[in-house]
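# Secondary and tertiary structure notes
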Amino acid sequence: ADGAAQRGALWQRVFQTQRYRIQVVDDLYGVELCGAIKNVVALACGFSDGLKYGSNTKAALLRIGLRELHRFIAHFFPSARADTMFESCGVADLITTCHAGRNRLCAEQFVLTGRTWDEIERDELNGQKLQGTLTCKEVHEILVKHKLTDRFPLLHHTWRVAFDNLPAAQLFDALT
């Protein structure tokens, strides 16, 4: 086995317990991109929560977000494995983050209070950093550069709500 596989097996032995399972995933791009883009989807879910929309709306956002996550990875990193999205770093982390993560919480506060992202981060996160907004900007820059905003309506319109004064309720007008 190569060094990465050996290190993965070591970390698995160190941290795995009866109640905490470790799955080593040999897909650097897939793992990293799932971990980043899920935070943008969580912003959209937080906007939905701030508007007091229900669980069916959140489920739709998760479905669309997962589809766009897969599309983004396949387009820009074709060597990434599609099955990575079904590991804990993919769909499981997406679900958890969109229901209980700090990006979802802060996006909800953004809608409810009208505070700036910096104010929300300072007031709500006890020193933690808000990653979804940074990722949202970076992903949007990539989509604009490659003229792909129309292929990623959730990612694009989440950016518009977060940074371009689109009312949160209009996020849903562009989604199918």
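Structural notes, computed from the coordinates. (Residues numbered from 1 in each chain as written. Predicted model: local features only at pLDDT ≥ 70, side-chain atom pairs only at ≥ 80, totals over all residues. Heavy atoms only, no water.)

### Concerning the overall build of the protein chain
Of the regular secondary structure elements, the protein chain holds 8 helices and 0 strands. Along the protein chain, from the amino end to the carboxyl end, the secondary structure elements read α-α-α-α-α-α-α-α. Here the C-alpha atoms of the protein chain give a radius of gyration of 17 Å, agreeing with the 16 Å that 2.2 N^0.38 yields for 176 residues. With the C-alpha coordinates of the protein chain rotated into their principal frame, the extents come out at 50 × 35 × 30 Å. Going through the 176 residues of the protein chain one by one, you find that 41% of them count as buried. Of the contacts made within the protein chain by residues no fewer than 6 positions apart, 69% connect residues no fewer than 24 positions apart. (Helix = DSSP H or I, 4+ residues; strand = E, 2+ residues; numbered from the N terminus. Rg over C-alpha atoms; globule rule 2.2 N^0.38 Å. Buried < 20%, exposed > 50% of the residue type's maximum accessible area, 1.4 Å probe, protein only. Contact = heavy atoms within 4.5 Å.)

### Remarks on helix H3 (residues 55-76)
Helical geometry: 3.6 residues make up each α-helical turn, so side chains three or four residues apart lie on a common side. Relative to the 32 Å expected for 22 residues at 1.5 Å per residue, H3 spans 31 Å between its end C-alpha atoms, a close match to the ideal helical length. If you check which residues of H3 are buried, you get Lys-58, Leu-61, Leu-62, Ile-64, Gly-65, Glu-68, Leu-69, Phe-72 and Ile-73. Turning to H3, the residues buried within the fold contact helix H2 (28-50), helix H4 (88-100), helix H5 (102-113), helix H7 (131-145) and helix H8 (153-163). (Expected span 1.5 Å × (residues − 1).)

### Focus on the packing of aromatic side chains
The relative placement of two aromatic rings is captured by the distance of their centres and the angle of their planes. Considering all chains together, one arrives at 8 aromatic pairs under this definition. Where Phe-47 meets Trp-117, the ring centres are 6.4 Å apart and the plane angle is 50°; that geometry is what we call tilted. Taken as a pair, Phe-47 in helix H2 and Trp-117 in helix H6 (residues 117-124) lie far apart in primary sequence, 70 residues in all. With respect to class, Phe-47 is no different from Trp-117; both count as buried. Summarising the aromatic geometry, the rings of Phe-72 and Phe-76 are spaced 4.7 Å apart at their centres and angled 45° between planes, so their arrangement reads as tilted. Of this pair, Phe-72 and Phe-76 are both found in helix H3, 4 residues apart, which corresponds to roughly one turn of the helix. An aromatic cluster of at least three residues, connected via ring pairs, comprises Phe-47, Phe-110 and Trp-117. (Phe/Tyr/Trp six-rings, centres within 6.5 Å; stacked < 30°, edge-to-face > 60°.)

### As for the packing of H2 against H4
Between H2 and H4, whose axes approach to 9 Å, the crossing angle comes to 25°. Taken together, the axes of H2 and H4 are roughly parallel relative to one another. Considering the relative orientation of H2 and H4, their crossing is right-handed. Counted together, Val-31, Cys-34, Gly-35, Lys-38, Asn-39, Val-41, Ala-42 and Cys-45 of H2 and Cys-89, Gly-90, Asp-93, Leu-94, Thr-97 and Cys-98 of H4 form the full contact between these two elements. When grouped by side-chain class, the residues that make up the contact of H2 with H4 number 8 nonpolar, 4 polar and 2 charged. (Axes fitted to C-alpha atoms, helices over the stretch in contact; angles between N-to-C directions. Parallel < 35°, antiparallel > 145°, perpendicular 65-115°, else oblique. Left-handed = near helix turned anticlockwise from the far one by under 90°. Nonpolar A, V, L, I, M, F, W, Y, C, P; charged D, E, K, R; others polar.)

### Looking at the pattern of salt bridges
The full count for this structure, using the stated rule, is 10 salt bridges. Of the charged contacts in the structure, one is a salt bridge between Arg-115 and Asp-123, with a shortest N-O distance of 2.9 Å. Counted as one network, the salt bridges with shared partners bring together Asp-49, Lys-58, Arg-104 and Glu-108. (Salt bridge = Lys/Arg side-chain N within 4 Å of Asp/Glu carboxyl O.)

### A closer look at H7
In this model, H7 (15 residues) spans 21 Å end to end at C-alpha, consistent with the 21 Å of a helix rising 1.5 Å per residue. Among the residues of H7, those classed as buried are Gly-132, Thr-133, Thr-135, Cys-136, Val-139, His-140 and Leu-143. Within H7, the buried residues cover an arc of 160° as seen down the axis, which keeps them to one side. Summarising the geometry of H7, the exposed residues directed more than 90 degrees from the buried face are Glu-141 and Lys-145. The inward-facing, buried residues of H7 abut H2, H3, H5, H6 and H8. The first or second residue beyond H7 is Lys-147, which carries a positive phi of 55°. (Arc of directions from axis to C-beta.)

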